[in-house]
Amino acid sequence: THIVTGAAQGNGFAIAQALARHGAQVAMVDLDKGRLEEAKAKIQQVVPKQGVSPLIVQANVSAEGDVVRAVGEILEVSGCINGLVNTAGITRDARITKKSLADFNLVLSVHLGGTFLFTREVAVQHWHPLFKAKGDQPLDDGVNRFIVNFSSVSARNGNVGQVDYTAAKGAIEAVTRTTAREFSNYRVRVNAIAPGPVNTPMLAAIGEQGIAAMSRATLLGKIARPEDIAATVLGIACPK
């Protein structure tokens, strides 16, 4: 089973759908249960007949109790977790002089905190016990284990109004490198991707003029689609 957070819409939905089409069981996590149910129904229409129906789990990725419960429920139903895609995110855009500490902390808690909590809990509840059961020996069992985290080009370029978002994305890159070191004995491949602007509901909030300006600033002169991002994640998740 592969967990995808923020799976009810945008990049998360496209990733969950791509993994399901590839034959994987996907555990879709999001705060909005109604949207999760709608997303699951859409995926069920396109998965192969021999495919496995997605699981849906309502959870706030920034709430420790929710994450502990969500991972436990997924393990109880599926028996294993082999992949984790930390996609969930929000924005609360405002320039630094107008940014509230509450909004700053909220954005960090969803992006950075959610990435940390799901990473920790999958390891604590599943991968580390497997490692201990093998006598602290590397998990060379041939299982394809992976984590894909989401950074952004804005982590390096900066972005007006997004001091919290850019800080979180830069921190996620550091978290990714540390996780790769710590999880090497679990034989988990840990990567982060850093997309530019993607045509998601989050981007729509900046308006048509803002989107047009972003399009002109890209090398190809266009905004990426969620399906483009999903294809990248799929390539990392299934390298063979």
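In case you missed it, the structure is sitting above this.
The structure presented is a predicted model; accordingly, all values stated were derived computationally and were not measured.

(A) Here's a closer look at the sheet that holds strand 2 (residues 26-30). Strand order across the open sheet formed by 6 strands is 3-2-1-4-5-6, with parallel pairing between neighbours. Each having just a single partner strand, strand 3 (55-58) and strand 6 (188-193) make up the two edges of the open sheet. Strand after strand, the sheet turns through a mean of 15° between neighbouring axes, direction not considered. Relative to strand 4 (residues 83-86), strand 1 (residues 2-5) runs parallel, the two sharing 3 bridges. Across the sheet, residue His2 finds its bridge partner in strand 4, namely Gly83.

(B) Summary view of the nonpolar core. Among the nonpolar cores identified, the biggest contains 28 residues, and Ile3, Val29, Phe118 and Tyr186 are the most heavily contacted of them. When residues of this core are traced back to their parent elements, those giving at least two are strand 2, strand 3, helix 3 (64-78), helix 4 (101-133) and strand 6. Considering every element that reaches this core, the biggest residue donor is helix 4, with 7 residues. Listed in part, the 27 residues of the second largest apolar core include Val4, Ala14, Val26 and Val148.

(C) Examining the pattern of salt bridges more closely. Taken as a whole and assessed by the stated rule, the structure comprises 11 salt bridges. Lys99 is the salt-bridge partner of Asp164, the closest N and O atoms lying 2.8 Å from each other. Here Asp164 is found in helix 6 (residues 163-182), whereas its partner Lys99 is found in the loop between strand 4 and helix 4, with 65 residues between them in sequence. Classification of Lys99 by relative accessible area gives buried; the value is 14%. Here Glu121 ties to Arg120 by a salt bridge, and the two come within 3.0 Å at their closest N and O atoms. Take Arg120: its relative accessible area is 25%, and that puts it in the partly exposed class. Overlapping salt bridges, with partners in common, bring together Glu64, Arg120 and Glu121 in one network.

(D) Seen up close, empty space enclosed by the protein. Applying the stated criterion across every chain, the model contains 1 cavity of 30 Å³ or more. Estimates place the volume of the largest cavity at around 60 Å³. Asn86, Ala88, Val110, His111 and Thr115 are the residues nearest the centre of the largest cavity, which is lined by 13 residues in total. The set of elements that each furnish at least two residues to the lining of the largest cavity consists of helix 4 and helix 6. By residue number, the principal contributor to the lining of the largest cavity is helix 4, which donates 5 residues. Residues of the lining of the largest cavity, tallied by class, amount to 6 nonpolar, 6 polar and 1 charged.

(E) Quick look at the packing of helix 3 against helix 4. Contact pair helix 3 / helix 4: the axes reach a minimum separation of 9 Å and the direction vectors enclose 45°. Judged on the interaxial angle alone, helix 4 and helix 3 are oblique. Here the hand of the crossing between helix 3 and helix 4 comes out right-handed. Counting all contacts with helix 3, which are made through Glu64, Val67, Val68, Ala70, Val71, Gly72 and Leu75, the residues of helix 4 involved are Leu117, Phe118, Arg120, Glu121, Val122, Gln125 and His126. Residues of the contact of helix 3 with helix 4, tallied by class, amount to 8 nonpolar, 3 polar and 3 charged.

(F) Quick look at the layout of surface pockets. A volume near 160 Å³ is recorded for the second largest pocket. Around the second largest pocket, the lining residues are Ala8, Gln9, Gly10, Phe13, Ala14, Arg35, Glu38, Ala39, Lys42, Pro226 and Glu227. Of all the secondary structure elements, the ones that give two or more residues to the lining of the second largest pocket are helix 1 (10-21), helix 2 (33-44) and helix 9 (226-237). Element by element, the count of residues in the lining of the second largest pocket is highest for helix 2, at 4 residues. When its residues are assigned to classes, the lining of the second largest pocket shows 5 nonpolar, 2 polar and 4 charged.

What counts, and where the lines are drawn
Residues numbered from 1 in each chain as written. Predicted model: local features only at pLDDT ≥ 70, side-chain atom pairs only at ≥ 80, totals over all residues. Heavy atoms only, no water. Pairing = 2+ DSSP bridges. Helix = DSSP H or I, 4+ residues; strand = E, 2+ residues; numbered from the N terminus. Axes fitted to C-alpha atoms, helices over the stretch in contact; angles between N-to-C directions. Core = buried A, V, L, I, M, F, W, Y, C linked by side-chain atoms within 4.5 Å. Buried < 20%, exposed > 50% of the residue type's maximum accessible area, 1.4 Å probe, protein only. Salt bridge = Lys/Arg side-chain N within 4 Å of Asp/Glu carboxyl O. 1 Å grid on protein atoms, 1.4 Å probe; cavity = no way out; pocket = protein on both sides within 12 Å on 5 of 7 lines; lining within 4 Å. Points joined across faces, edges and corners; volume = space filled by probe spheres on them. Nonpolar A, V, L, I, M, F, W, Y, C, P; charged D, E, K, R; others polar. Parallel < 35°, antiparallel > 145°, perpendicular 65-115°, else oblique. Left-handed = near helix turned anticlockwise from the far one by under 90°. Contact = heavy atoms within 4.5 Å.

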